[in-house]
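# Report on the structure
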Amino acid sequence: MAKVCITDAVPEAGLDGLRAAGHEIVSWAGEQPPTRAELLNQVRGADAVLSVLTDGVDDELLDAAGRQLKVVANIAAGFNNIDLETCKRRGIVVTATPGVLFESTADTAFGLLLMTTRRFGQAERLVRAGTPWRYRTTFMLGRAIQSMTIGLIGAGQIGTAMARRCKAFGMQIAYAAEHPMKSAARDELAAVGLPLDELIATSDVISLHCPLTPETRHILNAERLAAMKQGAYVINTARGACIDEKALAEALKSGHLAGAGLDVYEHEPEIDADLLEMENVVLLPHLGSATAETRTKMTGLAVANVVAVLEGKPAVTPVPGF
Ligand SMILES: NC(=O)c1ccc[n+]([C@@H]2O[C@H](COP(=O)([O-])OP(=O)(O)OC[C@H]3O[C@@H](n4cnc5c(N)ncnc54)[C@H](O)[C@@H]3O)[C@@H](O)[C@H]2O)c1
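Residues numbered from 1 in each chain as written. Predicted model: local features only at pLDDT ≥ 70, side-chain atom pairs only at ≥ 80, totals over all residues. Heavy atoms only, no water.

### What to know about the domain arrangement of the chain
Threshold: Domain extents, as shown, originate in an automatic or database domain assignment. Whether two residues are in contact is decided by their heavy atoms, any of which lying within 4.5 Å being enough. Buried area is calculated as the accessible area (1.4 Å probe) missing from two parts once they are joined, with the contributions of both summed. Salt bridges, as used here, are contacts in which a Lys or Arg side-chain nitrogen is within 4 Å of a carboxyl oxygen on Asp or Glu.
According to the domain assignment, the chain consists of domain 1 (3–98 + 291–310) and domain 2 (102–283). Every contact between the two is made by seven residues of domain 1 and, on the other side, four residues of domain 2. For the domain 1 and domain 2 pair, buried surface summed over both sides reaches about 460 Å², with 47% attributable to carbon and sulfur atoms. Scanning the region where domain 1 abuts domain 2 turns up zero salt bridges.

### Points about the packing of aromatic side chains
Put simply, the rule reads: Centres within 6.5 Å are what make two rings of Phe, Tyr or Trp a pair, Trp counting through its six-membered ring; a difference in plane orientation under 30 degrees is then read as stacked, over 60 as edge-to-face, and the rest as tilted. A helix here means a DSSP run of H or I that spans at least four residues, while a strand means a run of E at least two residues long, and both kinds are numbered starting from the N terminus. Remark: exposure states derive from per-residue accessible area (1.4 Å probe, protein chains only) relative to the maximum for the residue type, with buried under 20%, exposed over 50%, and partly exposed in between. As a reminder, the over-ring test applies to NZ of lysine and CZ of arginine, requiring each to be within 6 Å of the ring centre and within 35 degrees of the ring normal.
This model, assessed by the stated rule, comprises one aromatic pair. Both rings, one in phenylalanine 110 and one in phenylalanine 169, keep their centres 4.6 Å apart while their planes meet at 55°; by these two values the pair is tilted. Placement of phenylalanine 110 in helix H5 (residues 102–117) and of phenylalanine 169 in the loop between helix H7 (157–168) and strand E7 (172–176) is noted, with a sequence separation of 59 residues between them. On the basis of relative accessibility, which here comes to 37%, the residue phenylalanine 169 falls in the partly exposed class. A cation over a ring is seen here: lysine 88 above phenylalanine 322, with NZ or CZ 4.6 Å from the ring centre.

### Side note on the sheet that holds strand E3 (residues 48–51)
Stated formally: A pair of strands is labelled paired if DSSP reports no fewer than 2 bridges between them. Here the axes come from fitting lines to C-alpha atoms, over the contacting stretch only for helices, and the angles between their N-to-C directions go from 0 to 180 degrees.
Spatially, the five strands line up as an open sheet ordered E2-E1-E3-E4-E5, and their pairing is parallel. If you trace the sheet from one side to the other, it starts and ends with strand E2 (24–26) and strand E5 (93–95), each paired once. Neighbour-to-neighbour, the strand axes of the sheet open up by a mean angle of 15°, direction not taken into account.

### Details of the pairing of strand E10 (residues 232–236)
The condition that has to hold: Handedness of a crossover: with both strands directed away from the viewer, a clockwise path from the first strand across the helix to the second marks it as right-handed.
Counting buried residues along E10, five of its five residues qualify, which places the element largely inside the surrounding structure. Here strand E9 (residues 205–208) runs beside E10; their pairing, made up of four bridges, is parallel. Bridged to serine 207 within E10 is isoleucine 235. Pairing of E10 with strand E11 (residues 257–262), which is carried by five bridges, proceeds in the parallel orientation. Bridge pairing in E11 places isoleucine 235 opposite glycine 261. Each parallel crossover has a hand, and for E10 linked through helix H11 (residues 245–253) to E11 it is right-handed.

### Let's talk about the sheet that holds strand E12 (residues 281–283)
If you walk across this open sheet you meet the seven strands as E8-E7-E6-E9-E10-E11-E12, and the pairing is parallel. One side of each edge strand has no neighbouring strand; the edge strands of this open sheet are strand E8 (192–193) and E12. Note: E11 against E12, three bridges, orientation parallel. Of the residues in E12, the one forming a bridge with glycine 261 is valine 282. Across the sheet, H7 lies against strand E6 (149–153), E7 and E9, angled at about 175° from E6, the strand it touches most.

### Thoughts on the site of the ligand
Stated formally: Consider each residue's heavy atoms; a residue with any of them within 4 Å of a molecule or strand counts as near. Here a polar contact is taken to be a pair of N or O atoms separated by no more than 3.5 Å, where protein atoms must pair a possible hydrogen donor with a possible acceptor and residues adjacent in sequence count only if both atoms sit in side chains. Here the open area of atoms and residues is found with the Shrake-Rupley method and a 1.4 Å probe, where only the protein chains shown may cover a residue.
Surveying the vicinity of the ligand reveals 24 residues, the closest of which are Gln157, Ile158, His179, Thr237 and Asp263. Alanine 155 is positioned such that a nitrogen or oxygen atom in its backbone is 2.9 Å from an oxygen atom of the ligand. Taking arginine 239, its side chain carries an N or O atom lying 3.4 Å from an oxygen atom of the ligand. Starting from 870 Å² of accessible surface for the ligand in isolation, the protein chains cover 85%.

### A word on the nonpolar core
This is how the line gets drawn: Nonpolar cores were defined as sets of buried Ala, Val, Leu, Ile, Met, Phe, Trp, Tyr and Cys residues, with membership established by side-chain atoms within 4.5 Å.
Formed by 32 residues in total, the largest nonpolar core has its most connected members in Ile153, Leu208, Leu225, Val234, Leu248 and Leu257. Elements supplying a minimum of two residues to this core: E7, helix H9 (196–202), E9, E10, H11 and E11. With sequence-adjacent residues up to four places away left out, leucine 257 is seen in contact with Leu225, Met228, Lys229, Gly231, Ala232, Val234, Leu248, Ala251, Leu252 and Asn280. Within the second largest apolar cluster, 26 residues are counted, among which are Phe110, Leu113, Ile150 and Leu189.

### So, the side chain of serine 203
Here serine 203 is to be found in the loop between H9 and E9. At 2.8 Å, the side chain of serine 203 forms a polar contact with the backbone oxygen of leucine 199. Residues within four places of serine 203 in sequence aside, it is in contact with Thr149, Ile150, Gly151, Lys229 and Ala232.

### A look at H11
Three or more residues of H11 are buried, namely Glu245, Ala247, Leu248, Ala249, Ala251 and Leu252. On the buried face of H11, the contacting elements are helix H10 (222–227), E10, E11, helix H12 (273–277) and E12. Its side-chain oxygen placed 3.3 Å from the backbone nitrogen of lysine 246, aspartate 244 serves as the N-cap of H11. Looking one or two residues beyond H11, the residue adopting positive phi is glycine 255, at roughly 85°.

Here it is as structure tokens:
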């Protein structure tokens with residue numbers, strides 16, 4: 001019987017596969033996520049760790065776990081919280097959960113797009129604040145997305161699912177990505193692949209769907225934000241540090257950008273004080289894939305990875321290179 005550590009609360013139904021395999025489960029029962037010290041203590045002696053994206057998986061954590069650790073299964077599509085080199089050197093398999101969360105996350109991105117361009121966040125706050133209002137043909141006008149081009153940075157699973165939603169609402173689709181969008185989707189969506197700086201300069205909305213890597217950290221920096229069209233919008237459901245958050249606040253404050261819809265933040269859960277004050281910014285607390293169905297599937301997939309590796313089989317969805 002192996003010892004499997006789950007570092008934070010997960011949907012119980014996702015753990016059925018672990019129970020069926022008969023492994024010892026060490027789960028976190030705290031009201032709040034564990035502190036770093038609690039996390040290090042909790043992983044001690046684990047053969048497998050089911051991690052979440054707020055866990056820094058590095059030498060310190062792997063040392064705390066011990067040499068018997070065989071697999072780290074991240075319950076996320078991204079894995080920027082894991083030191084892959086270190087895991088590789090130690091012979092630890094790293095897995096993620098692609099393929100089960102792209103629809104939910106694209107829903108969040110598209111929800112942010114509508115909320116931002118149609119000012120729904122601001123409007124809801126106005127109603128709740130008890131501000132007097134009446135129907136007027138000039139009251140709280142937003143912008144029609146049907147006339148717009150969406151520029152996707154990253155056109156993998158989530159970027160493509162976002163493109164489908166945008167196409168259904170009459171938008172033009174453009175993207176910049178390390179790997180081209182799959183050709184069937186590209187043809188179906190009439191999506192145009194562009195060099196990044198051309199995408200930035202020609203899109204009405206920039207939506208981020210790339211992983212956080214050294215190359216994509218601040219991919220939307222002050223210079224690129226300044227190169228965006230006057231009155232354009234930014235949507236981010238990727239990772240906060242893909243945008244220079246201070247520079248984004250400045251670009252919004254100056255009126256160069258019309259609005260932003262954000263799910264993720266550079267110093268999460270801290271949010272730039274200026275962004276918190278702006279009516280044209282919609283802020284979500286990292287809800288990208290947060291549906292009961294999707295989070296259960298993500299947990300189930302992480303469990304399937306753990307069970308496979310502990311049985312000496314290949315992981316189901318290893319991170320590339322593992
Ligand atoms: N907000 C959330 O809760 C949430 C949920 C799921 C995923 N995410 C984030 O979304 C990211 C994308 O997820 P996915 O499942 O679509 O991944 P994916 O691997 O299917 O697609 C990633 C895309 O990014 C592109 N890319 C990689 N490096 C790039 C670069 N330097 N410049 C431009 N494009 C680049 C790739 O070519 C690919 O098109 C994840 O890595 C994760 O960080 C966030």
